[in-house]
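Each chain is listed here by its residues.
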Amino acid sequence: MPIPRLASALVLTLALAGGPALAQAPADSPRNVAEPTGLWTGPMRGYTPTTLAGAKVIDAGELAKLAASENPLLLDFGPADRKPPSMAPDAPWMPAHRSIPGAIWMPGAGLGSADPAFARAFAGRVAALAGGDLSRPVVTFCHPECWGSWNAGKRLVALGYRRVYWFPEGVEGWQAERDVATVKADPVWALAAPADQPQ
């Protein structure tokens, strides 16, 4: 990557993250949670805002209509389960992640990392999935009260995607509202946690 582009990517990354990655305290109430100026760098589970600047917040009914009419790119940013430390190292560990049918699961990609390599990997992987089409509708989700999909939506807006939708109800909201089954999902292009922000 030429130096000017690398510098631009670094400036964009730091602007999104609000400067160097600093852990943020979670909100203690679901009411009036303010949008961070940059990406959220605190714990991934916790109360989230009800808005996402530059994106449209949708509920399960709106997601169903969008999915039926416009073939959006559905991106699941739910975390991968970790083997409990109490389990024996040789004990079988086969967790099953379940998601909305047709979704692409990208565990680890919703972190608020300021690492430029992480930001480039995220941008490249989503561009490949979207076929380079910045006008394709993209829906981000994970679980209720999960910052991963909020961060991902914010990154997409900053990257120039013009139709970003955030579905904060997540997998559980989809299943409860629609009374439909979820499907087992395998990770696609998982992004490892960078040094500046462990999962």
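This is a predicted model, so every value here is computed, not measured. (Residues numbered from 1 in each chain as written. Predicted model: local features only at pLDDT ≥ 70, side-chain atom pairs only at ≥ 80, totals over all residues. Heavy atoms only, no water.)

### Some remarks on the sheet that holds strand β5 (residues 138-141)
Reasoning step 1: The strand order across the open sheet built from 5 strands is β1-β6-β5-β2-β4, with neighbouring strands paired in parallel fashion. Looking at the sheet topology across the chains shown, the edges are occupied by β1 (56-57) and β4 (104-105).
Reasoning step 2: Relative to β5, strand β2 (residues 73-76) is paired through 4 bridges, and the arrangement is parallel. For L74, the partnering residue across the bridge sits in β5 and is V139.
Reasoning step 3: In this fold helix α3 (residues 116-130) packs onto β2 and β4, with an angle of close to 145° to the strand it touches most, β2. (Pairing = 2+ DSSP bridges. Helix = DSSP H or I, 4+ residues; strand = E, 2+ residues; numbered from the N terminus. Contact = heavy atoms within 4.5 Å. Axes fitted to C-alpha atoms, helices over the stretch in contact; angles between N-to-C directions.)

### What to know about the packing of aromatic side chains
Reasoning step 1: The tally for this structure, following the rule as stated, stands at 3 aromatic pairs.
Reasoning step 2: For the ring pair W147 and W150, a centre distance of 5.3 Å and an interplane angle of 75° mean the geometry is edge-to-face. Separated by 3 residues within a single helix, W147 and W150 lie in helix α4 (residues 147-158), roughly one turn from each other.
Reasoning step 3: Its relative accessible area of 0% is what places W150 among the buried residues.
Reasoning step 4: One aromatic cluster is present, formed by W40, W147 and W150 through successive ring pairs.
Reasoning step 5: For the cation-ring pair, R155 lies above F122, with the distance from its terminal atom to the ring centre recorded as 5.7 Å. (Phe/Tyr/Trp six-rings, centres within 6.5 Å; stacked < 30°, edge-to-face > 60°. Buried < 20%, exposed > 50% of the residue type's maximum accessible area, 1.4 Å probe, protein only. Lys NZ or Arg CZ within 6 Å of the ring centre and 35° of its normal.)

### Comments concerning the pairing of β2
Reasoning step 1: Neither face of β2 is left uncovered, since the one carrying L73 and L75 and the one carrying L74 and D76 both have all their residues buried.
Reasoning step 2: Here 2 bridges tie β2 to β4, and the two strands are oriented parallel to one another. Looking at the pairing, L75 lines up with I104 of β4.

### Looking at α4
Reasoning step 1: In this model, α4 (12 residues) spans 17 Å end to end at C-alpha, consistent with the 16 Å of a helix rising 1.5 Å per residue.
Reasoning step 2: Most of α4 is tucked away, with 10 of its 12 residues classed as buried.
Reasoning step 3: Within α4, burial applies to W147, G148, S149, W150, N151, A152, G153, K154, R155 and L156.
Reasoning step 4: G160 lies just past α4 and shows a positive phi near 100°. (Expected span 1.5 Å × (residues − 1).)

### Here's the deal with the environment of R162
Reasoning step 1: With respect to the secondary-structure elements, R162 resides in the loop between α4 and β6 (164-166).
Reasoning step 2: For R162, a relative accessible area of 57% puts it in the exposed group.
Reasoning step 3: A sequence separation of 108 residues divides R162 from G54, and the C-alpha atoms of the two residues are 8.2 Å apart.
Reasoning step 4: Discounting residues that sit within four places of it in the chain, R162 has contacts with L134 and S135.

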